[in-house]
Every structure is written in structure tokens, then in C-alpha cells.
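Listed below, chain by chain, are the residues.
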Amino acid sequence: MKASEFDKFAEEYLATHKGNIAITGEDPEYFARYKIETVAARLKRLGLPAPRRILDFGCGIGNSAPHLRAAFPAAGIVGLDVSEKSLAVARQRFPGVADFRRYEGGADMPLEPGFDLVFSACVFHHIEADEHVALFAALRGLLAPAGRLAVFEHNPWNPVSRYIVATCPFDEDAVLIPAAEFARRQRRAGFGHVDVAYTGFFPGPLKALRPLERALTRLPLGAQYYTLAAA
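Residues numbered from 1 in each chain as written. Predicted model: local features only at pLDDT ≥ 70, side-chain atom pairs only at ≥ 80, totals over all residues. Heavy atoms only, no water.

Engineer: Whenever I open this one, helix α7 (residues 159-166) confuses me. Can you help?
Structural biologist: One full turn of an α-helix is made of 3.6 residues, so residues set three or four places apart face in the same direction. Burial in α7 covers these residues: S161, I164 and V165. Taken end-on, α7 shows its buried residues confined to a sector of 95 degrees, consistent with a single buried face. Facing away from the buried side of α7, by more than 90 degrees, are the exposed residues P159 and A166. Between the side-chain oxygen of the N-cap and the backbone nitrogen of V160 there are 3.0 Å, and the N-cap of α7 in question is N158. (Buried < 20%, exposed > 50% of the residue type's maximum accessible area, 1.4 Å probe, protein only. Helix = DSSP H or I, 4+ residues; strand = E, 2+ residues; numbered from the N terminus. Arc of directions from axis to C-beta. Polar contact = N/O pair within 3.5 Å; in protein donor to acceptor, adjacent residues only side chain to side chain.)

Structure below.
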């Protein structure tokens, strides 16, 4: 999707997204929060210190920003996106929470390296597949020596995810990527270790069962997955 297309959906994103995911029994706020909480818990289990610099790659209208701030209150947060209209919405919604910056797309990142965490939520299915390796290499170059890249994507083997993407106006161009292929592209970009974990097994009406999800992360049936990669 081009920047102009993201611009077109910027102001209506939340309402459209909320209607599109109603089938899950949750709202956009839940999905934005759980991703950050998942990553924060995973970094803690690995014994890593809380990140001091965080990049939210493809931040859109800033849905992740307040949850990144809540999870990592001492961190400096940069949100990067190709859509100026989306960034304008993000700045209006969350003034002072993050430094929201525009970039032109591609692998030329207008940032200094040294990020402890690079985070991205359901962005890469909008980007042409032949650009992924170069983008991952560029993001790897922004990491601090012990930094991590955490990227969430929709699981194409999950029928609910396929339905949501197929019926979402701003996912018209989306090409869902199997987790194994996604991890392979990151390894080709130079990441020495890439771990895949599946999430989103239980919808809202079954949320009492969500504590079980930690035992199901290797089961490739969750609605989404994430990769945690280290250089």
C-alpha cells in the first residue's frame, strides 16, 4: 500500500478497524495492548533490561504508543511511518508520548542506530515481499548490540484472520505471510536467531482460557504470530 492509500484511511481507521474485528469479541485497544504486554513479558523472561530506546516501525495512527509508554515508562519512543496524515492523527491523539516521524519508505531509515527494541505490528503484509529482506537488514542495523526485533503478523493458516483481512478495506492489498517464511526472510537479512510464537487462540467470549496460550505458542493455529529476532 502506498503512502497516499494510508493517508486515505487515516481518519477513519479506528472506526473501520473496530467494525472489522467485531467477530473477535474485542476492540482495537485490546489488540494493541496485548502485543506490547506480550513482548514486555517475553523480554523479562529472557532477563533483558527494559529498553531505553524503542522504534515503532509502521506506527500508523499511534495505537501502540500509549502501551509502549505504559510498559516502558523510561524509554524514548520513535514512531516511524510513510503516511503523514496517519502521523498527524497520532500526534493529536498522543501528544508527547512518542516522537512521530515520517519517512519515504524503503530501506533508507532516517534514524541513528542504538534501539534496544524495534517493534512492528501487522505492517509487513502491506509491503511488497521483495522488499522485506532489505527492510529487515535496515532494521537490524538500527539495533543496539543486545537489541531485539519484535514483529507481529496475521497467521494465514487461521480462518478468522483470513476472513478479517479479506473483509477489511485497508487490507485490500494484503498478502499474508506464513510464519516460517517470515522468519526465513529475517535470517536472510542477517539475524542470527529468530524465534516464532503463535498468539490469539481464544476470542473475547473465551478470554478466561487465555492463560493457556503461553503453552500453545508452538501450535500454528493462533490468529497471529510474532517473531523475536536477535542479531
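Here the narrative resumes, following the displayed structure.
Engineer: When you look at a negative patch on the surface in this model, what are you seeing that I'm missing?
Structural biologist: Among the surface-exposed residues, E128, D130, E131, E172 and D173 lie close enough to one another that they form a single negatively charged patch. One can find D173 in the loop between α7 and α8 (179-188). (Patch = residues over 30% accessible without salt bridge, like charges linked within 9 Å, V, L, I, M, F, W, Y side chains within 5 Å. Areas by Shrake-Rupley, 256 points an atom, 1.4 Å probe, with all protein chains shown as cover. Salt bridge = Lys/Arg side-chain N within 4 Å of Asp/Glu carboxyl O. Lys, Arg positive; Asp, Glu negative; His and termini not counted. Charge placed at Lys NZ, Arg CZ, Asp CG, Glu CD.)

Engineer: Would you explain the environment of R93 in this entry?
Structural biologist: Along the chain, R93 falls in helix α5 (residues 84-93). Residue classification places R93 among the partly exposed residues on the basis of a relative accessible area of 29%. Considered as a pair, R93 and I61 are 32 residues apart in the sequence and their alpha carbons are 8.1 Å apart. Within polar-contact distance, the side chain of R93 engages the side chain of N63 at 2.7 Å.

Engineer: Help me understand unusual backbone geometry in this model?
Structural biologist: Leave glycine aside and you will find that most residues have negative phi; peptide bonds, for their part, are mostly trans. Its identity is not glycine, yet C122 carries a phi of approximately 55 degrees, on the positive side. Along the chain, the position of C122 falls in the loop between β4 (115-121) and α6 (132-142). Given the relative accessible area of 15%, C122 is considered buried.

Engineer: Is there a simple way to explain the packing of α6 against α8 in this structure?
Structural biologist: Packed helix pairs are specified by the crossing angle of their axes together with the interaxial distance, meaning the distance between the axes. Two elements in contact, α6 and α8, have axes separated by 8 Å at closest approach and are oriented at 60 degrees. It follows that α6 is oblique to α8 by the angle criterion. Relative to α8, α6 is oriented so that their crossing is right-handed. Residue-level contacts link H132, V133 and F136 of α6 to F182, R185, Q186 and R188 of α8. Broken down by class, the residue content of the contact of α6 with α8 amounts to 3 nonpolar, 2 polar and 2 charged. (Axes fitted to C-alpha atoms, helices over the stretch in contact; angles between N-to-C directions. Parallel < 35°, antiparallel > 145°, perpendicular 65-115°, else oblique. Left-handed = near helix turned anticlockwise from the far one by under 90°. Contact = heavy atoms within 4.5 Å. Nonpolar A, V, L, I, M, F, W, Y, C, P; charged D, E, K, R; others polar.)

Engineer: Looking at this structure, I do not really get α6. What am I missing?
Structural biologist: Here α6 has its buried residues at H132, L135, F136, A138, L139 and L142. Along the axis of α6, the buried positions cluster into a sector of 160 degrees, meaning they face one direction only. In the core, the buried residues of α6 are packed alongside β1 (53-57), β4, β5 (143-154) and α8.

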